[in-house]
Amino acid sequence: MHNAPPPLRDAAAFRNHQPMTKPARTRVGPSPTGDPHVGTAYMSLFDRAVADKTGGKFVLRIEDTDRNRYVADSEKQIVESLEWLGLTPDEGPDIGGDFGPYRQSERLPLYKEAAEQLISAGKAYKCFCTADRLATLRKIQQAEKSKRMGYDGLCRGLSAEEVQAKEASGEEYVVRLKMPREGEIEVHDLFRGTLKFIADEQQDAVMLKSDGFPTYHLAMAVDDHAMQITNVIRAEEWLPSTPIHFELYRAFGWEPPVFSHMPLLRNNDKSKISKRKNPTSLLWYRDAGFLPEALRNFLCLMGFSMPNDQEIFTYGEFLREFELSKVNVGGPIFDLKKLHWMNGEYIRALAPAELEKRLVEYVKLLVGREKEFADLPADQLPTEQFLSEFEQKRRQRSRVLAELAPTMMTAYDTNPKLMLPIIPLIRERMHTLGEAADYLPMFFTNEFTYTPDDFVAKKCTLDEAKKALNEMRSIVDATDFNDPEAAHKQLDDQSRAKAEELGMKLGPFLGPIRMAITGSKVSPPLMESMLVLGKDETLKRIDNAIQKLGA
RNA sequence: GGCCCCUUCAUCUAAUGGUUAGGAUACGGCCCUUUCAAGGCCGCGAUAUGGGUUCGAAUCCCAUAGGGGUCACCA
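These numbers were taken from a predicted model, which means no experiment stands behind them.

## Considerations on the protein's contact with RNA strand B
Point 1. Around RNA strand B sit 67 residues, and of these K209, E311, R429, R496 and S523 come closest.
Point 2. Sugar plus phosphate, as a fraction of atoms of RNA strand B within 4 Å of the protein: 72%.
Point 3. R266 is positioned such that a nitrogen or oxygen atom in its side chain is 3.4 Å from a sugar or linking oxygen of RNA strand B.
Point 4. Between H431 and RNA strand B, the recorded distance is 3.2 Å, taken from a side-chain N or O atom to a phosphate oxygen.
Point 5. Within the residue set of the surface near RNA strand B, elements represented by two or more residues are α5 (131-143), β4 (174-177), β6 (193-198), α12 (336-349), α17 (484-501), α18 (506-518) and α19 (526-533).
Point 6. The greatest single-element share of the surface near RNA strand B, amounting to five residues, is contributed by α12.
Point 7. Its residues placed into classes, the surface near RNA strand B shows 26 nonpolar, 14 polar and 27 charged.

Structure (structure tokens):
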């Protein structure tokens, strides 16, 4: 028997009459089953925004009801990642709050009680079907290409005596929700309005598992109600099970919160974002040297855009313009290329001292982790070219920095002023902190692996290289490094003069010098680099090269 | 396959019945230049298709196509 549904508020009407003015309570409910997921951050961002916009609260709830997939470190990493991104919750397991505990594994009695309440009200029933039976059932349904998949409701008709007998004989059972068999189930979504589902096509979902733990469905409804959550912001993949949730709310006689089903972040091929095809771990973004504020900003763009076309903005600016109802529901492809660009913008906007600080922190993060960054075999790399190349380079860079770290940190500890002058030279060239690996080592080591061939270029023969090095040695030797500005001018002027004398363009002339000073054909500006290194070190490096070339 | 959601440049998106359909990334070119960048300028490039409604449709309606999600004692 199924009573007529009580009138539910219409989502559109609700939206119009109650814009986000009342303090909202939002929550994110990650399950601690692995690395913190970028999708969790994405949802948290909008949860945080709705809470902040309305002066409400954002709650972190750990949904650890799956004992099989539980990963011990996961919760800690989730908490740290959210903090890293500046999306710190107001209530949560390690913060506390008035609605705790915030771990579902610590709320088991609540779910049990709720399940019993449903059973005694005739809204749920005990199901003794074995996993085997369900598997067989599924197979048959698939073979028959049955329209109606899922549980067939066998135990729904069990008499009280039958239930008692089975229980007495120790048979395990789950608790299933009795879904209506007739009519439609209306659900409401902030973006999509009222959605109707055929009731008979819904199955009797499990509420309580045989191990006594609740499923997501029960735990979510019980907790959201108990924690007075007003807005459920979750991924679109939940849309098909929303009828269960609305039915559950009705069974309890509770008012459902406002549901907003956010679009799914996508891979390049439009499928739901996944580890194989796209980095999904927040730890990955941190390890690759993305700035949290850049990632956060980028995530804002996945579905939301500013009225003035502004793409780079602070959280405060975002909040001023943000409205949940303006979010785009088409699934956005997570374009790492654009994040890469944006991260570069953020790096360049950082004050040198701040970038210095971030860089030092970043290098410390990589210390001792060389093994983690071994090259990946081709078949384990993402299929998309940019992702694949970036991942391989990222590993190489992390290794370089991890290996450089001891030397670098020692030098830095000895002379804390060492780092700051380097920053302006490398910052224009970086998109991620990891890319510092391409430019940083030369400032801390002069042990280069170059060969004479490396000094030769199209417009610079070996003979010319030797001459250039000797000329530059004289120039440097004659320059007073104590006045950097004057020194720079002198180095520059003299180089030009000598290059002309040798009948060379400045670029080719500086090629061998660059190799001698930086050990690479690509480097930060040469004169500036020499000034940072100092006269002695510069001369030493030129001498090393001259020796190497036997000039 | 059933059910559900979605559909503007390659990608993120703007334009809520009247715009030469705008911006950003990426890509290409030029400038700057000491290599590499960064920066500046220019270019390429989209309303999925077909029907309606309307003086007028990217915008409203219907169909088709395409994409995605979901059909667990996982969340």
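Next comes the rest of the write-up.
## Some remarks on the confidence of the model for chain A
Point 1. Residues of chain A with pLDDT of at least 70 account for 96%, and the chain-wide mean is 93.
Point 2. Below a pLDDT of 50 lies the segment residues 1-19, which in the model reaches 25 contacts outside its immediate sequence neighbourhood of four places, other chains included.
Point 3. Taken together, the chains of this predicted complex give a pTM of 0.94 and an interface ipTM of 0.97.

## Here we look at the packing of helix α4 (residues 108-120) against helix α7 (residues 216-226)
Point 1. For the pair α4 and α7, the least separation of the axes is 10 Å and the interaxial angle reads 100 degrees. Taken together, the axis directions place α4 and α7 in an arrangement best described as roughly perpendicular. Of the residues in α7, those in contact with L110, Y111, A114 and A115 of α4 are L218, A219, V222 and D223.
Point 2. Of the residues contributing to the contact of α4 with α7, the split by class is seven nonpolar, no polar and one charged.

## Details of the nonpolar core
Point 1. In this structure, F46, F318, F334, I426 and L440 are the most contacted members of the largest nonpolar core, which totals 114 residues.
Point 2. The contacts of F318, once residues within four sequence positions are left out, are L45, F46, A49, C300, F304, M306 and F313.
Point 3. In terms of nonpolar packing, the next biggest core, distinct from the first, is built from 37 residues, V222, L239, I244 and A251 among them.

## Concerning the packing of aromatic side chains
Point 1. In this structure the tally under the stated criterion is 23 aromatic pairs.
Point 2. Between Y249 and W254 the ring centres are 6.3 Å apart and the planes differ by 70 degrees, which places this aromatic pair in the edge-to-face class.
Point 3. Clustering of aromatic rings is evident, with ring pairs tying together Y42, F46, F304, F313, Y315, F318 and F322.
Point 4. Its end group placed over the ring of Y151, R176 keeps NZ or CZ at 3.6 Å from the ring centre.

## Describing the pattern of salt bridges
Point 1. Considering all chains together, one arrives at 46 salt bridges under this definition.
Point 2. Between D52 and R48 there is a salt bridge, with the nearest N and O atoms lying 2.8 Å from each other. With D52 and R48 both in helix α2 (residues 38-54), this residue pair falls four residues apart, about one helical turn.
Point 3. Residue classification places D52 among the partly exposed residues on the basis of a relative accessible area of 28%.
Point 4. Using a relative accessible area of 8% as the deciding quantity, one classes R48 as buried.
Point 5. E186 is the salt-bridge partner of K196, the closest N and O atoms lying 4.0 Å from each other. Of this pair, K196 sits in strand β6 while E186 sits in strand β5 (residues 184-189), and the two are 10 residues apart along the sequence.
Point 6. A single salt-bridge network, built from bridges that share partners, covers R27, R61, E63, R107, D223 and D224.

## Quick look at the pairing of strand β2 (residues 57-60)
Point 1. Two strands pair when backbone bridges link them, and strand β1 (residues 25-28) and β2 are joined in this way by four bridges, in the parallel orientation. In the strand pairing of β2, V28 is matched with L60.
Point 2. In terms of handedness, the path from β1 via α2 over to β2 forms a crossover that is right-handed.

## Regarding the environment of A205
Point 1. By the element assignment, A205 lies in the loop between β6 and β7 (206-208).
Point 2. With residues near it in sequence (within four places) discarded, A205 still touches V175, R176, L177, H217 and I244.

## Quick notes on α4
Point 1. Here α4 contains 13 residues, and its C-alpha end-to-end distance of 19 Å stays within 8% of the 18 Å for a straight helix at 1.5 Å per residue.
Point 2. Along its buried surface, α4 packs onto β3 (124-127), β4, β7, α7 and α8 (242-252).
Point 3. Once α4 ends, the next one or two residues include G122, with phi positive near 75 degrees.

## With respect to the sheet that holds β7
Point 1. With antiparallel pairing, the three strands of this open sheet are ordered in space as β3-β4-β7. Only two strands of the sheet have a single neighbouring strand rather than two, namely β3 and β7. On average, adjacent strands in this sheet sit at an angle of 45 degrees to one another, irrespective of strand direction.
Point 2. Bridge count for β3 against β4 is four bridges, and the pairing is antiparallel.

## Concerning the side chain of T215
Point 1. Tracing the backbone through its elements, the reader meets T215 in the loop between β7 and α7.
Point 2. Contacts of T215, omitting those with residues within four sequence positions, involve V206, M207 and K209.

## What to know about the packing of helix α16 (residues 462-477) against α17
Point 1. At a closest axis distance of 10 Å, the pairing of α16 and α17 adopts a crossing angle of 150 degrees. Classified by the angle between their axes, α16 and α17 sit roughly antiparallel to one another. Judged by the twist between their axes, the crossing of α16 over α17 is right-handed. Contact with α16, carried on its side by E471, M472, I475 and V476, involves L491, Q494, S495 and K498 of α17 and no other residues of that element.
Point 2. The residue inventory of the contact of α16 with α17, partitioned by class, reads four nonpolar, two polar and two charged.

Rules of the game
- Residues numbered from 1 in each chain as written.
- Chains lettered and ligands numbered in written order.
- Predicted model: local features only at pLDDT ≥ 70, side-chain atom pairs only at ≥ 80, totals over all residues.
- Heavy atoms only, no water.
- Near = heavy atom within 4 Å.
- Polar contact = N/O pair within 3.5 Å; in protein donor to acceptor, adjacent residues only side chain to side chain.
- Helix = DSSP H or I, 4+ residues; strand = E, 2+ residues; numbered from the N terminus.
- Nonpolar A, V, L, I, M, F, W, Y, C, P; charged D, E, K, R; others polar.
- pLDDT = per-residue confidence, 0-100.
- Contact = heavy atoms within 4.5 Å.
- Axes fitted to C-alpha atoms, helices over the stretch in contact; angles between N-to-C directions.
- Parallel < 35°, antiparallel > 145°, perpendicular 65-115°, else oblique.
- Core = buried A, V, L, I, M, F, W, Y, C linked by side-chain atoms within 4.5 Å.
- Buried < 20%, exposed > 50% of the residue type's maximum accessible area, 1.4 Å probe, protein only.
- Phe/Tyr/Trp six-rings, centres within 6.5 Å; stacked < 30°, edge-to-face > 60°.
- Lys NZ or Arg CZ within 6 Å of the ring centre and 35° of its normal.
- Salt bridge = Lys/Arg side-chain N within 4 Å of Asp/Glu carboxyl O.
- Pairing = 2+ DSSP bridges.
- Right-handed = clockwise from strand over helix to strand, strands pointing away.
- Expected span 1.5 Å × (residues − 1).
- Left-handed = near helix turned anticlockwise from the far one by under 90°.

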